[in-house]
Protein chains: 2
Amino acid sequence: MVASVREEAVTLDRAAVDRLRARLQAYMAKKGLRSTAQRRLIVDTFFEGASHMTIEDLLTEVRARDKGIGYATVYRTLKLLAECGVASERRFGDGLSRYELADDAKAHHDHLICSSCGTIVEFEEPRIEALQEDVARRYGFHVISHKHEMYGTCADCQKKVS
Amino acid sequence: MVASVREEAVTLDRAAVDRLRARLQAYMAKKGLRSTAQRRLIVDTFFEGASHMTIEDLLTEVRARDKGIGYATVYRTLKLLAECGVASERRFGDGLSRYELADDAKAHHDHLICSSCGTIVEFEEPRIEALQEDVARRYGFHVISHKHEMYGTCADCQKKVS
DNA sequence: CTAAGTGCAAAAAGTTTGCATTCCG
DNA sequence: CGGAATGCAAACTTTTTGCACTTAG
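Residues numbered from 1 in each chain as written. Chains lettered and ligands numbered in written order. Predicted model: local features only at pLDDT ≥ 70, side-chain atom pairs only at ≥ 80, totals over all residues. Heavy atoms only, no water.

Student: Mind showing me how you'd approach the protein's contact with DNA strand C here?
Tutor: In the vicinity of DNA strand C there are 22 residues, among which Tyr75 of chain A together with Arg34, Thr36, Arg39 and Thr73 of chain B approach most closely. Atoms of DNA strand C within 4 Å of the protein belong to the sugar or the phosphate in 73% of instances, the rest to bases. Looking at which element gives the most residues to the surface near DNA strand C, the answer is helix 4 (residues 71-83) of chain A, with 5 residues. Residue composition of the surface near DNA strand C, grouped by class: 7 nonpolar, 9 polar and 6 charged. (Near = heavy atom within 4 Å. Helix = DSSP H or I, 4+ residues; strand = E, 2+ residues; numbered from the N terminus. Nonpolar A, V, L, I, M, F, W, Y, C, P; charged D, E, K, R; others polar.)

So, in structure tokens, the structure goes:
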């Protein structure tokens, strides 16, 4: 149904990005992980590229720069990034895993997903977050993460149909 | 990580359930679909059983009553229910599709999912829905459906850990 | 009768993993 | 050197589909 996913421009916080890079470096040091050419390429591409990329997307971009990179390497690198809190894995119901920079780099946000063109728009609404905490409190629930996604048609697609 | 998913008691609206059954019947009539023993068994089991069951869960229950039912039949019947708006497919990030009666049968709700014991609690918060519509309006977005899920630890599991 | 439904097994689609080889530290 | 990382291909998991046989209407 959704041909592909287009990307919304997102304003990044430069300092937060640096922080994420530092976090990755620290994590790798602590775990005795190594810095390889492939890993550097994949990580850089991820940081520079569009948000909400799938592993395939990233693989394509990475291969544009280095033909021989394998799917598994991208897969494992993304897992690594998620593991140390530098990237967040997202699933929007199309069966694919997508990755975005962790919330540190931008304000915490949720998503509007257009079912017709695949565009993903990010939004923030602190009042929803607050109410959400209220709800959790009512159930004695300790929230670690959440997802709030709205599916429907974006402004552009509404025009097209009419 | 999550061993299994336990079920929360949910109060159903009897009249709404009847409405859903009627909707299914109407849909099948319109499409010229047939009422088979398997289909009746699966549908009844689904209506009577716990919410948020996976296809496997339902298959197990159904097979307790009729040994020979195949996975594909349950799969296709659930698809049918979802198609005519009698059931909703949900994914809570463990890679499995779960099904619940459509919102008509209960008030619209969202979910709290305990990452440690798998319990799924449903909640309603109209004020969140309202704010959500505000957000959509800001983006000229037409919302067709949404999911709002909070992941964390339920009250019980918090006690266990401490 | 005949088009729809069933059960099985095979195909897809994505994600993970085992392993021999390569390479960082 | 020795343990990590890589690339490939094979294994998995869950969902979907093709097909020959059965059956509702």
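Let us keep going from here.
Student: Before we go on, may I ask you to explain the protein's contact with DNA strand D in this structure?
Tutor: In the vicinity of DNA strand D lie 21 residues, with Arg34, Thr36, Arg39 and Thr73 of chain A together with Tyr75 of chain B positioned nearest. A share of 67% of the atoms of DNA strand D within 4 Å of the protein falls on sugar and phosphate groups. The contact in question runs from a sugar or linking oxygen of DNA strand D to an N or O atom on the side chain of Gln38 of chain A, over 2.9 Å. Interatomic distance of 3.4 Å between a backbone N/O atom of Ser35 of chain B and a phosphate oxygen of DNA strand D. Elements represented by at least two residues in the surface near DNA strand D include exactly helix 2 (37-48) and helix 4 of chain A together with helix 4 (71-83) of chain B. The element that contributes the greatest number of residues to the surface near DNA strand D is helix 4 of chain B, accounting for 5 residues. Residue composition of the surface near DNA strand D, by class: 7 nonpolar, 8 polar and 6 charged. (Polar contact = N/O pair within 3.5 Å; in protein donor to acceptor, adjacent residues only side chain to side chain.)

Student: Just checking my understanding: could you explain the relation of the copies chain B and chain A for this structure?
Tutor: The second copy of the chain is related to the first by a rotation about an axis and a shift along the axis. Overlaying chain B with chain A gives an RMSD of 0.1 Å, the required rotation being 180° about an axis along which the chain moves by 0.0 Å. Considering both components of the superposition, the chain copies are consistent with a two-fold axis. Measuring from the rotation axis to each C-alpha of chain B, the shortest distance belongs to His148 of chain B, at 2.1 Å. Both copies present the same face, since 100% of the interface residues in chain B are matched by interface residues at the equivalent positions in chain A. (Least-squares fit on C-alpha atoms with pLDDT ≥ 70 in both. Contact = heavy atoms within 4.5 Å.)

Student: What is the right way to look at unusual backbone geometry in this model?
Tutor: Glycine aside, a negative phi is what most residues show, and trans is what most peptide bonds show. Located in the positive-phi region is His52 of chain A, a residue other than glycine, with phi close to 60°. Take His52 of chain A: it is sitting in the loop between helix 2 and strand 1 (53-54).

Student: What exactly am I supposed to notice about the packing of helix 2 of chain A against helix 4 of chain A here?
Tutor: Residues and elements named next belong to chain A. Axis separation between helix 2 and helix 4 bottoms out at 10 Å; the angle between their running directions is 65°. The crossing of helix 2 and helix 4 is right-handed. Where helix 2 abuts helix 4, its residues Gln38, Arg39, Ile42, Val43 and Phe46 lie against Thr73, Val74, Thr77, Leu78, Leu80 and Leu81. (Axes fitted to C-alpha atoms, helices over the stretch in contact; angles between N-to-C directions. Left-handed = near helix turned anticlockwise from the far one by under 90°.)

Student: Can you help me understand the interface of chain B and chain A in this one?
Tutor: Note on interface size: it is often stated as the accessible area lost on association of the parts. Listed per partner, the contact involves 34 residues of chain B and 34 residues of chain A. Here chain B and chain A share an interface that buries about 3000 Å² over both sides, 64% of which is from carbon and sulfur atoms. Remark: the boundary between chain B and chain A carries 2 salt bridges. Broken down by secondary-structure element, the contributors of at least two residues to the side of chain B that touches chain A are strand 4 (110-114), strand 5 (120-123), helix 5 (126-138), strand 6 (142-153) and helix 6 (155-161) of chain B. For the side of chain B that touches chain A, the element with the highest residue contribution is strand 6 of chain B, accounting for 12 residues. Residue classes in the side of chain B that touches chain A are distributed as 17 nonpolar, 9 polar and 8 charged. In this structure, strand 6 (residues 142-153) of chain A lies alongside strand 6 of chain B, joined through 11 bridges in antiparallel fashion. Bridge pairing links His148 of chain A to His148 of chain B in strand 6 of chain B. (Buried area = accessible area lost by both parts, 1.4 Å probe. Salt bridge = Lys/Arg side-chain N within 4 Å of Asp/Glu carboxyl O. Pairing = 2+ DSSP bridges.)

Student: Is there a simple way to think about the sheet that holds strand 3 (residues 97-101) of chain A in this case?
Tutor: To summarise the sheet geometry, strands pair through backbone hydrogen bonds and adopt either a parallel or an antiparallel arrangement. Taken in spatial order, the 3 strands line up as 1-3-2 (chain A) in an open sheet, and their pairing is antiparallel. Unpaired on one side and paired on the other, strand 1 and strand 2 (87-91) of chain A mark the two borders of the sheet.

Student: Explain the sheet that holds strand 4 (residues 110-114) of chain A to me, please; I cannot follow it from the model alone.
Tutor: Ordered in space as 5(A)-4(A)-6(A)-6(B)-4(B)-5(B), the 6 strands form an open sheet in which the pairing is mixed. The sheet is open, and its two edges are formed by strand 5 (120-123) of chain A together with strand 5 of chain B, each paired on a single side. Across the sheet, the mean angle from the axis of one strand to that of its neighbour is 25°, orientation sign disregarded.

Student: What is the right way to read the pairing of strand 5 of chain B from this model?
Tutor: The side chains of a regular strand alternate, first on one face of the sheet and then on the other. All names here are of chain B. Burial of the side chains of strand 5 extends over both faces: Ile120 and Glu122 are buried on one face and Val121 and Phe123 on the other. Relative to strand 5, strand 4 is paired through 4 bridges, and the arrangement is antiparallel. Paired with His111 across the bridge in strand 5 is Glu122. Linking two consecutive strands that pair antiparallel, namely strand 4 and strand 5, is a turn of 5 residues; a positive phi of about 85° is found at Gly118 within it. (Buried < 20%, exposed > 50% of the residue type's maximum accessible area, 1.4 Å probe, protein only.)

Student: What's the story with the packing of aromatic side chains in this structure? I'm lost.
Tutor: The description of an aromatic ring pair uses the distance of the two centres, along with the angle that the planes make with each other. Residues and elements named next belong to chain A. Per the counting criterion, the structure on display carries 2 aromatic pairs over all chains. Between Phe46 and Phe47, the ring centres sit 6.1 Å apart and the planes meet at 80°, which makes this aromatic pair edge-to-face. Phe47 matches Phe46 in its accessibility class, with the two residues each being buried. Lying across the ring of Phe47, Arg21 places its NZ or CZ 4.4 Å from the centre. (Phe/Tyr/Trp six-rings, centres within 6.5 Å; stacked < 30°, edge-to-face > 60°. Lys NZ or Arg CZ within 6 Å of the ring centre and 35° of its normal.)

Student: Any chance you could explain the environment of Leu101 of chain A here in plain terms?
Tutor: All names here are of chain A. Positionally, Leu101 belongs in strand 3. On the basis of relative accessible area, Leu101 is assigned to the buried category, the value being 6%. The sequence separation of Leu101 and Thr153 amounts to 52 residues, and the corresponding C-alpha distance is 25 Å.

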